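Below are the chains, spelled out letter by letter.
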Amino acid sequence: MGYNGRMVRKAVAALAFIVIAGAVGAYADTDLQVEAGFAGQVMDEAVTPVRVRVEHQGQLLEGRLVLSQTVETPWHGVFTETLSQPVRLGQRASQNWTLLFPLHATVYPLQVRLENESGEVVARQELDLRDVSHTGPFVIALSETGFPGALPSGETVFSVSAQDIPSHAAAFASIQRLYMGRFDPNTLKPNQQQALLHWVMLGGELVLLTGANWYVQQAPWLAPWLPLEPEAVQAVTLQGVVAPVLTGKVRGEVAWQMEGFPILLERTVGRGRIWLATIDPLAVEAPAELWKALQGGVPLEGEINFEDAAREAFLQQVLPYPGRTLIAALLGVFVGIAGLLTWWTVRRPLTWPALAGWPAVAGVALWLILQPHHARPLTMSEYGLDLALPDGTVYEQTWLGMFALRKEPLALSFSAQTAVSQRLPTDRGQHLFDLEYRLDPGVDVVFLAQPQQLRQLVLAAEGGAAPLIWTWEGDLDLRVQSPLKLERAWLLHRGIVYDLGALSPDKAKEYRLNQLPRLELSKQLPKAIAQLWAWALEQPPHATVLGAWHQEPGSYANLDPGQTYRLIVAEVGL
Amino acid sequence: MKRLVAVDSLFFSWSQSFLFLSGLVLVAVLPGSLPIRAAATTPSMAAFFPYFTSVLLCIYATNFGQVHGDPQRLWRLQYSKRLGPYLISLVLRVSLLLALTLPLWVVFFELFHLRWTAWLSLVYLWLQAQVWGGFGLWLSLTPYADITQFKIKYVLLIAYFGLTLFTPPFNPFFTLQVLLDPNSEIGASAVHLLLGLTGALGCMALTGFAAVRQWRKVDAL
């Protein structure tokens, strides 16, 4: 028995060793390679492509790839932004992912970890972003023959390869301009091509440097958008130098020409533009005027410049002060009472005890002056630029705190693809311009985002977060990020009002317009609602207007000025 | 007694006029509810209130001192020739003058979102007022004619506010600016502030001493 017992113990030990070794070996050789941004550079507060390569030598691994960044902000405190991707890796397999991660401040590192099914970390990597942080939007370049890092225009250019081009327009948010040199656009995958065009339509700028490069640049998917219908590349003598020049029928604006030849053309596409240089200014020594012309151009409609918009919003704020009349009246009362007290005091032999009344008078005056009604509270608002990702989530790209006077309208410009959300934070403190503000969750700000693309109007509000109504191109894709339930939502599209019914909070919903019931403007409608529809109908015919009510159920029909209501109107669509 | 009531009445009516005038200035410098864009380009008159009030306070405090040293020795009669209560009375009345305007200062501090150091400016103004109160007392006890006293008073006041501009630590406007400006660096100006406060204390002691000496001289007559 003793012999058998030893055998059994050895067998168990050997088995345990095999199991443990197997378990360790299963994940021991899992390697993570992570790269973020463009040419290794990232930008603060931008949806950033993060390329992850996993090389797995062990057994089958099922779990998830988690990207996270822990950030601390004055208003939100410490929070962690997380994005996870399910993974399934076979034995000795490797796979690449490009995840679009909403990066916050680059002073905080990006954590990447691979977890198995039970949540154990198999591999991890921390990306220190401080040294690769880029200020301002990117200018990137695609070229097979290399591209200079700095252009005569003063732009710093990051060369990228075809696989670095994002496959969703949201990831282009940090890119201002893309130069295309000697590069075949057909090597881009269809979803990359679509994303690139989408980005241009949203406000991006594509610059094609043609000339002799045109032989490789021809692409059917790009041709209809170019400012030139090319015919041939001709050798032309310009300022004594023979240069290959692309000639053809001009479809856009001539931004700059030389000796009668259009050299730089531009065409507005959506809210962005495509430039085409008929010469390759990198191959031919181009005059400085060409680079200068590249920095100009027709101002783009609805160009997103959030900093300008934020500054504009701030400058429109009204700092409320108690009125002069009020202070003067209170002062008059104070002096009057002081006079009466004096009159009484001088008739008493004991002066000093009577003076006890003076602090009382001062106290009453102070109490009157500093009443909250007179010292109107300043409200802080937050505005976020939100971007949608393919999985339906909406990310806030940036935010801003500011002070606003109640019911003070603001006029800001945003593009159609921008959702402007407004929230009331619950904390208080001193921030912008070191002014002290008081937060009153019962007060909201009338907000008008203008001119055409998006309108959000809050007539009045109760406390809590404002609902976020967000739409995307094509069919209506609606997501309400709010604890509030919106009643009687409606959509005005091409002159027809559709009934969307109640919108549940925190749920995304897709609508097919032709399947939605239509609403008619009838006399039975409450006056206020009819007026709002009338307002909506006054909007340009191509505009799409979305409206919804938030109120206690059942009482929306009679709007009482004494009650609090919330109306969100968002105008969307190209 | 009738004269005493008359003097008391004078104090209170002066206090009221001081309150009224400084209140008027506060109302004048109050900012309007303008958009920040417009407010940024509209010059702020806020600084005028403390400057004006400090000048006015010095004038009124001097007057108080002068009334205290009334040639008819009313106040000395009231306090039975005891110096202590006599001076305390002056200090308290000058303090009351400033205390009356306390609501105005609170409104000023609140509306312009000033930091806690702003309250130190009141301490500084109190010291200033006491210096000038002592000076007024000394002046009234001198044998100069009323018109000469008037001239001396205003020449000295103008010289004080004007000439000290060349010696910033001793200039009340400079000290007030350091204490009231939310962007001023208190740490960097600490030596200047200390000099200013010490100067004010020194002047207070000097004028008090001069007044007491003069008192004894007059009393000996």
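Only a predicted model underlies this, so the values are computations on that prediction, with no experimental measurement involved.

Draft legend 1. Seen up close, the overall build of chain A. Looking only at helices and strands, chain A has nine helices and 32 strands in total. Expressed as a percentage of the 574 residues in chain A, the buried residues total 36%. Contacts in chain A between residues far apart in sequence, at least 24 positions, make up 66% of those at least 6 positions apart.

Draft legend 2. Focus on the overall build of chain B. Within chain B, the secondary structure is distributed over 10 helices and zero strands. What you see in chain B, going N to C, is helices and strands ordered as α-α-α-α-α-α-α-α-α-α. For chain B, with 221 residues in total, the buried portion stands at 32%. In chain B, once contacts between residues fewer than 6 apart in sequence are set aside, the share between residues at least 24 apart is 80%.

Draft legend 3. Main features of unusual backbone geometry. Residues and elements named next belong to chain A. Phi is positive for arginine 92, close to 50 degrees, though the residue is something other than glycine. Topologically, arginine 92 is positioned in the loop between strand E5 (77–89) and strand E6 (93–103). Of the residues examined, arginine 92 has 11 C-beta atoms within 10 Å and is grouped as exposed. One non-glycine residue, glutamate 259, lies in positive phi territory at about 50 degrees.

Draft legend 4. Quick look at the pairing of strand E7 (residues 110–116) of chain A. All names here are of chain A. Across six bridges, E7 lies against strand E8 (residues 121–127) in antiparallel orientation. Within E8, the position partnered with glutamate 115 by the bridge is valine 121. Taking the residues between adjacent antiparallel strands as the criterion, E7 and E8 are bridged by four residues, where glycine 119 takes a positive phi near 85 degrees.

Draft legend 5. Fine view of the sheet that holds strand E3 (residues 46–56) of chain A. Residues and elements named next belong to chain A. One open sheet holds the three strands; their spatial order is E1-E3-E6, and the pairing between them is antiparallel. In the strand order of this sheet, the two ends are held by strand E1 (30–36) and E6, each with one partner. Geometrically, the sheet is characterised by an average inter-axis angle of 20 degrees between neighbouring strands, direction not taken into account. Pairing geometry for E1 and E3, over seven bridges, is antiparallel. Each bridged residue has a counterpart across the sheet, and for leucine 32 the counterpart in E3 is valine 54.

Draft legend 6. Just the confidence of the model for chain A, in detail. Residue and element names in this part refer to chain A. Of the residues in chain A, 52% reach a pLDDT of 70 or more, and the chain-wide mean stands at 67. Looking over chain A, one finds the lowest element-wise mean pLDDT in strand E24 (residues 448–449), namely 30, and the highest in strand E13 (residues 205–209), namely 93. Across residues 372–475, confidence stays below pLDDT 50; counting only partners more than four residues off in sequence or on other chains, it has 246 contacts. Across residues 550–574 the pLDDT falls below 50, and counting only partners more than four positions away or on other chains, this stretch makes 66 contacts in the model.

Draft legend 7. A look at the nonpolar core. Of all hydrophobic cores here, the largest spans 70 residues; its most connected members are Met180(A), Val207(A), Leu264(A) and Ala277(A). Formed jointly, this core draws a minimum of three residues from each of two domains, domain 1 (30–130) and domain 2 (137–301) of chain A. Leaving out residues up to four positions away in the same chain, Leu264(A) has contacts with Ala255(A), Trp256(A), Trp275(A), Ala277(A), Leu290(A), Ala293(A) and Leu294(A). Counting residues in hydrophobic clusters, the runner-up holds 45 residues, among them Phe11(B), Leu19(B), Leu98(B) and Phe108(B).

Draft legend 8. Highlighting the packing of helix H3 (residues 48–68) of chain B against helix H7 (residues 118–141) of chain B. Residue and element names in this part refer to chain B. Viewed as axis vectors pointing N to C, H3 and H7 meet at an angle of 35 degrees, and their least axial separation amounts to 6 Å. Once H3 is placed against H7, the crossing between them reads as right-handed. Between H3 and H7, the residues in contact are Pro50, Ser54, Leu57, Cys58, Ala61, Thr62, Asn63, Phe64, Gly65, Gln66 and His68 and Ser121, Leu125, Gln128, Ala129, Trp132, Gly133, Gly134, Phe135, Gly136, Leu137, Leu139 and Ser140, respectively. When grouped by side-chain class, the residues that make up the contact of H3 with H7 number 11 nonpolar, 12 polar and no charged.

Draft legend 9. Looking closely at helix H8 (residues 146–163) of chain B. Taking 1.5 Å of rise per residue, the 18 residues of H8(B) would be expected to cover 26 Å, and the 25 Å separating its terminal C-alpha atoms lies within 8% of that figure. The buried fraction of H8(B) amounts to one of the 18 residues, a small share that puts the element mostly on the outside.

Draft legend 10. Region of the structure containing the sheet that holds strand E16 (residues 253–258) of chain A. Residues and elements named next belong to chain A. The strand order across the open sheet formed by seven strands is E11-E10-E12-E13-E18-E17-E16, and the pairing between neighbours is mixed. Two strands in the sheet have a free side with no partner beyond their single neighbour: strand E11 (158–160) and E16. Strand-to-strand twist in this sheet, taken as the mean axis angle between neighbours without regard to direction, amounts to 20 degrees.

Draft legend 11. Representation of the environment of Val236(A) within the structure. Residues and elements named next belong to chain A. On the secondary structure map, valine 236 appears in strand E14 (residues 228–238). Note: C-alpha distance between valine 236 and phenylalanine 261 (25 residues apart in sequence) is 9.1 Å. The residues contacting valine 236, other than those within four sequence positions of it, are Ala243, Val245 and Phe261.

Draft legend 12. Expanded view of the pairing of strand E12 (residues 175–180) of chain A. All names here are of chain A. The element E12 is extensively covered by neighbouring structure, given that five of its six residues are classed as buried. In the sheet, strand E10 (residues 138–142) pairs with E12 via five bridges, with the strands oriented parallel. In the strand pairing of E12, leucine 142 is matched with methionine 180. Pairing between E12 and E13: four bridges, direction parallel. For leucine 178, the partnering residue across the bridge sits in E13 and is leucine 206.

Draft legend 13. Structural detail: the confidence of the model for chain B. Residues and elements named next belong to chain B. When the pLDDT values of chain B are averaged, the result is 80; 84% of them are 70 or greater. The least confident element of chain B is helix H4 (residues 74–78), whose mean pLDDT is 53; the most confident is H3, at 91. Predicted as a complex, the structure gets a pTM of 0.46 and an ipTM equal to 0.71.

Draft legend 14. Region of the structure containing the packing of H3(B) against helix H9 (residues 172–180) of chain B. Residue and element names in this part refer to chain B. For the pair H3 and H9, the least separation of the axes is 10 Å and the interaxial angle reads 140 degrees. Relative to H9, the element H3 lies oblique. Taken as a pair, H3 and H9 cross one another with a handedness that is right-handed. Between H3 and H9, the contacting residues are Pro50, Tyr51 and Ser54 on the first element and Pro172, Phe173, Leu176 and Leu180 on the second. Of the residues assigned to the contact of H3 with H9, the class counts are six nonpolar, one polar and no charged.

Draft legend 15. Quick look at the environment of Val50(A). Residues and elements named next belong to chain A. Looking at where valine 50 falls in the secondary structure, it is placed in strand E3. For valine 50, a count of 22 C-beta atoms within 10 Å translates into the label buried. Put simply, valine 50 and leucine 100 are 50 residues apart on the chain and 6.1 Å apart in space, counted from C-alpha to C-alpha. Not counting residues within four places of it along the chain, the set of residues in contact with valine 50 comprises Val34, Ala36, Leu67, Leu99 and Phe101.

Rules used in this analysis
Residues numbered from 1 in each chain as written. Chains lettered and ligands numbered in written order. Predicted model: local features only at pLDDT ≥ 70, side-chain atom pairs only at ≥ 80, totals over all residues. Helix = DSSP H or I, 4+ residues; strand = E, 2+ residues; numbered from the N terminus. Buried ≥ 20, exposed ≤ 12 C-beta atoms within 10 Å, placed from the backbone. Contact = placed C-beta atoms within 7 Å. Pairing = 2+ DSSP bridges. Axes fitted to C-alpha atoms, helices over the stretch in contact; angles between N-to-C directions. pLDDT = per-residue confidence, 0-100. Core = buried A, V, L, I, M, F, W, Y, C linked by C-beta atoms within 7 Å. Domains from an automatic or database assignment. Left-handed = near helix turned anticlockwise from the far one by under 90°. Nonpolar A, V, L, I, M, F, W, Y, C, P; charged D, E, K, R; others polar. Expected span 1.5 Å × (residues − 1). Parallel < 35°, antiparallel > 145°, perpendicular 65-115°, else oblique.

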